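Structural description and commentary
Single-letter residue listing:
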Amino acid sequence: MRTVDLIRRKREGEELAPEEIAFLVDGYNQGSIPDYQMSAFLMATFFASMSDREVSALTDCLIRSGETLDLSDIPGVKVDKHSTGGVGDKTSLIAAPLAAAAGVVVPMMSGRGLGHTGGTLDKLESIPGFRTNLTIEEFKAQLATHCLAFIGQSEQLCPADGRVYALRDASATVESIPLIASSIMSKKCAEGIDALVLDVKVGSGAFMKKQVEARRLAQMMVGIGRRADKRVQALITDMNQPLGFAVGNALEIMEVSQTLQNAGPVDLTRLSLELAARMIYLGKITKTLDEARELAQAKLLDGSGYRKLKDVIQAQGGNPQVLDRFDLLPNATGAHDVTSPRAGYISAINAEYIGTASAMIGAGRATKEDGIDPAVGVILEVKVGTKVEAGGVLCRLYYTDDTYVAEAADFIEDAFRISATPPEARELILEVVG
Ligand code: URA
């Protein structure tokens, strides 16, 4: 087998056999195939895509490159939830405690924010003392005791994905549906779960800008999961404006606390409840999805989801009082208002711009190595459909260092579209796949 022949055949749109995919991925992972050939193969895949058989073969290679967790000694159905990435997307921190409070075992393995999108690990680490670097033994013990544990992506799971992802980043091949699908699903399959709820974001703040692309990604991930014997459902949800009002790590923890006390934003509450219900249903706690929805709602209203998150914060070394006393979280030292140039209705809020502005003042990172400031971010004062007066506050930037505030404020002004008439209401949950 010659690498150059495989690259050429992929370039011509041919389907490669599983052993040919394995030759490429294992060869790259072991160092016998150089970066320039793997980059060419990734670019060919970007243009020619992959069949279901190829994408499953690629996923298997990524899984085989590392360890697979065995959670079978923990009783109960293990269900994780994964979002493809958005702005203000803190649903994991609400849906997971609600599902765990209903009896689902939730091994939640999360990533960090990159670019304009946020990451669950960064949000959790804004809680003083919170540890996300649990050992596998600690992770399993906590799952057995609390049904929920949050952990960072282990270096031992799918190491080949880390290498291929770095090359994709450097070769402009990140935005390929089969490459994204195999990258996400390999890590999810390796973590030893039985079922998975996916939140595939679509819109200005998402990887996928068009619904047909989001659908294709959702179908591909559901297919990979099914072939690996996992129950998987995907929601395709709107990311044409940030979710909730808060964007930024400690600010989002505050909004999570409010939402788990049933005093959160309507969109965030609605999506978190639906995700929790799907986790409860796939976790076989209820027979029907409607019963699961009722149970998720009950766990919100009786405060047991809120208490579950407190218990888990305590178990992972954090101070659970932060959920009641926001002054115990890192707090910004300055605030800057962005105001409306005219009266009208908010017709669009570009989520990518809001996420980028928040990252500019320190809430996010441009490269994986950058540090972040947990205190800072953006709080929206309006959502799509809100009526504003000229000079009314659109959002507030919270900062600790004012170096980039003026630049971020200029940038963020372009995020808001203001129209003379109210915009049409848009659905939050657009489709269900699986
Ligand atoms: N998240 C991943 O883990 N991989 C991708 O390719 C994209 C998002």
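Predicted model only: the values in this text are computed from it and were never measured.

The rules behind these values
Residues numbered from 1 in each chain as written. Predicted model: local features only at pLDDT ≥ 70, side-chain atom pairs only at ≥ 80, totals over all residues. Heavy atoms only, no water. Helix = DSSP H or I, 4+ residues; strand = E, 2+ residues; numbered from the N terminus. Rg over C-alpha atoms; globule rule 2.2 N^0.38 Å. Buried < 20%, exposed > 50% of the residue type's maximum accessible area, 1.4 Å probe, protein only. Contact = heavy atoms within 4.5 Å. Areas by Shrake-Rupley, 256 points an atom, 1.4 Å probe, with all protein chains shown as cover. Lys, Arg positive; Asp, Glu negative; His and termini not counted. Charge placed at Lys NZ, Arg CZ, Asp CG, Glu CD. Domains from an automatic or database assignment. Near = heavy atom within 4 Å. Polar contact = N/O pair within 3.5 Å; in protein donor to acceptor, adjacent residues only side chain to side chain. Pairing = 2+ DSSP bridges. Axes fitted to C-alpha atoms, helices over the stretch in contact; angles between N-to-C directions. Parallel < 35°, antiparallel > 145°, perpendicular 65-115°, else oblique. Left-handed = near helix turned anticlockwise from the far one by under 90°. Nonpolar A, V, L, I, M, F, W, Y, C, P; charged D, E, K, R; others polar. Core = buried A, V, L, I, M, F, W, Y, C linked by side-chain atoms within 4.5 Å. Expected span 1.5 Å × (residues − 1). Arc of directions from axis to C-beta. Salt bridge = Lys/Arg side-chain N within 4 Å of Asp/Glu carboxyl O. Phe/Tyr/Trp six-rings, centres within 6.5 Å; stacked < 30°, edge-to-face > 60°. Lys NZ or Arg CZ within 6 Å of the ring centre and 35° of its normal.

Looking only at helices and strands, the protein features 16 helices and 13 strands. A compact globule built from 434 residues would reach a C-alpha radius of gyration of about 22 Å, and the protein, at 22 Å, matches this within 12%. Structurally, the protein occupies a C-alpha span of about 65 × 45 × 40 Å along its principal axes. Here the protein, with 434 residues, has 57% of them falling under the buried criterion. Put simply, of all contacts in the protein between residues at least 6 apart along the chain, 78% involve residues at least 24 apart. As displayed, the protein offers around 17,400 Å² of accessible surface, 49% of which is attributable to carbon and sulfur atoms. In the protein, 45 side chains carry a positive charge and 57 a negative one; their mean positions are 4 Å apart.

Moving on, we come to the domain arrangement of the protein. Parsing the protein into structural domains produces domain 1 (3-48), domain 2 (79-155 + 174-323) and domain 3 (329-419). Using only C-alpha atoms to locate each centre, domain 1 and domain 3 end up separated by 42 Å.

Here we come to the site of the ligand. In the vicinity of the ligand, the residues found are Tyr 165, Arg 168, Ile 180, Ser 183, Ile 184, Lys 187 and Phe 207. At 2.9 Å, a side-chain N or O of Arg 168 approaches an oxygen atom of the ligand. Interatomic distance of 2.4 Å between a side-chain N/O atom of Lys 187 and an oxygen atom of the ligand. Surface burial for the ligand is 85%, taken as the share of its 230 Å² of free accessible area covered by protein chains.

With antiparallel pairing, 4 strands are arranged side by side in an open sheet as β6-β9-β11-β7. The sheet terminates laterally at β6 (246-247) and β7 (334-339), the two strands that pair on one side only. When strand β9 (residues 377-380) meets strand β11 (residues 393-399), the two strands line up antiparallel, connected through 4 bridges. In the strand pairing of β11, Gly 377 is matched with Tyr 398. Set on the sheet, helix α16 (residues 405-413) makes contact with β7, β9 and β11; between it and β11 the angle comes to about 150 degrees.

This part is about the packing of helix α12 (residues 266-282) against helix α13 (residues 289-301). Between α12 and α13, the least distance of the axes is 8 Å, while the angle of their chain directions is 125 degrees. Here α12 lies oblique to α13, going by the angle between them. Handedness of the crossing formed by α12 with α13: right-handed. Within the contact between the two elements, α12 uses Thr 269, Leu 273, Glu 274, Ala 276, Ala 277, Arg 278, Ile 280 and Tyr 281 and α13 uses Leu 289, Ala 292, Arg 293, Leu 295, Ala 296, Gln 297 and Leu 300. Here the contact of α12 with α13 is composed, by residue class, of 10 nonpolar, 2 polar and 3 charged.

Generally speaking, a soluble globular protein has its nonpolar side chains buried in company with each other. In terms of nonpolar packing, the biggest core is built from 95 residues, with Val 106, Phe 150, Ile 354, Leu 397 and Phe 416 touching the most fellow members. Ranked by residue count, the leading element in this core is α12, at 9 residues. Formed jointly, this core draws a minimum of three residues from each of two domains, domain 2 (79-155 + 174-323) and domain 3 (329-419). Not counting the four nearest positions on each side in its chain, Ile 354 is found in contact with Pro 242, Val 247, Ile 349, Val 378, Leu 380, Ile 412, Ala 415 and Phe 416. By size, the runner-up hydrophobic cluster in this structure holds 44 residues, among which are Leu 6, Ile 184, Met 220 and Val 232.

Our next topic: helix α3 (residues 35-48). The end-to-end C-alpha distance of α3 is 20 Å, a good match for the 20 Å that 14 residues give at a rise of 1.5 Å each. Among the residues making up α3, those that are buried are Gln 37, Met 38, Ser 39, Phe 41, Leu 42, Ala 44 and Thr 45. After α3 finishes, the residue Ser 49 shows a positive phi value of roughly 60 degrees.

Below, the discussion takes up helix α1 (residues 3-11). The α-helix advances 3.6 residues per turn, and as a result positions three or four apart in sequence lie on the same side. Within the span of α1, buried status applies to Thr 3, Leu 6, Ile 7 and Lys 10. Projected down its long axis, α1 carries its buried residues within an arc of 100 degrees, all on one side. Elements in contact with the buried residues of α1: α2 (18-30), α3 and α4 (52-64). Positive phi appears at Gly 13, one or two residues downstream of α1, with a value of about 85 degrees.

So, on to the pattern of salt bridges. Taken as a whole, this structure holds 30 salt bridges when the rule is applied. We note a salt bridge from Glu 14 to Arg 9, for which the minimum N-O separation is 2.8 Å. Relative accessible area serves as the criterion here: at 38%, Glu 14 is assigned to the partly exposed category. A residue is classified by how much of its surface remains accessible, and Arg 9, at 23% relative accessible area, is partly exposed. Note that Lys 90 and Glu 255 form a salt bridge whose closest N and O atoms lie 2.6 Å from each other. Of this pair, Lys 90 sits in the loop between β1 (79-83) and α5 (92-101) while Glu 255 sits in helix α11 (residues 249-260), placing them 165 residues apart in sequence. Through salt bridges that share partners, Glu 274, Arg 278, Asp 290 and Arg 293 make up one connected network.

What the rule picks out here adds up to 2 aromatic pairs. Look at Phe 46 and Phe 47: their rings are 5.1 Å apart centre to centre, the planes differ by 80 degrees, and that puts the pair in the edge-to-face class. A centroid spacing of 5.1 Å and a plane angle of 45 degrees characterise the contact between Tyr 353 and Phe 411, whose relative ring orientation is tilted. Taken together, the residues span a long stretch of sequence, with Tyr 353 in helix α15 (residues 351-360) and Phe 411 in helix α16 at a distance of 58 residues. Relative accessible area serves as the criterion here: at 28%, Phe 411 is assigned to the partly exposed category. The ring centre of Phe 245 lies 5.7 Å from the NZ or CZ of Lys 383, which sits over that ring.

Right, let's get into unusual backbone geometry. If you check the backbone angles, Ser 49 has positive phi at about 60 degrees while not being a glycine. You will see that Lys 284, though not glycine, has its phi angle at about 60 degrees, which is positive. Take Lys 284: it is sitting in the loop between α12 and α13.

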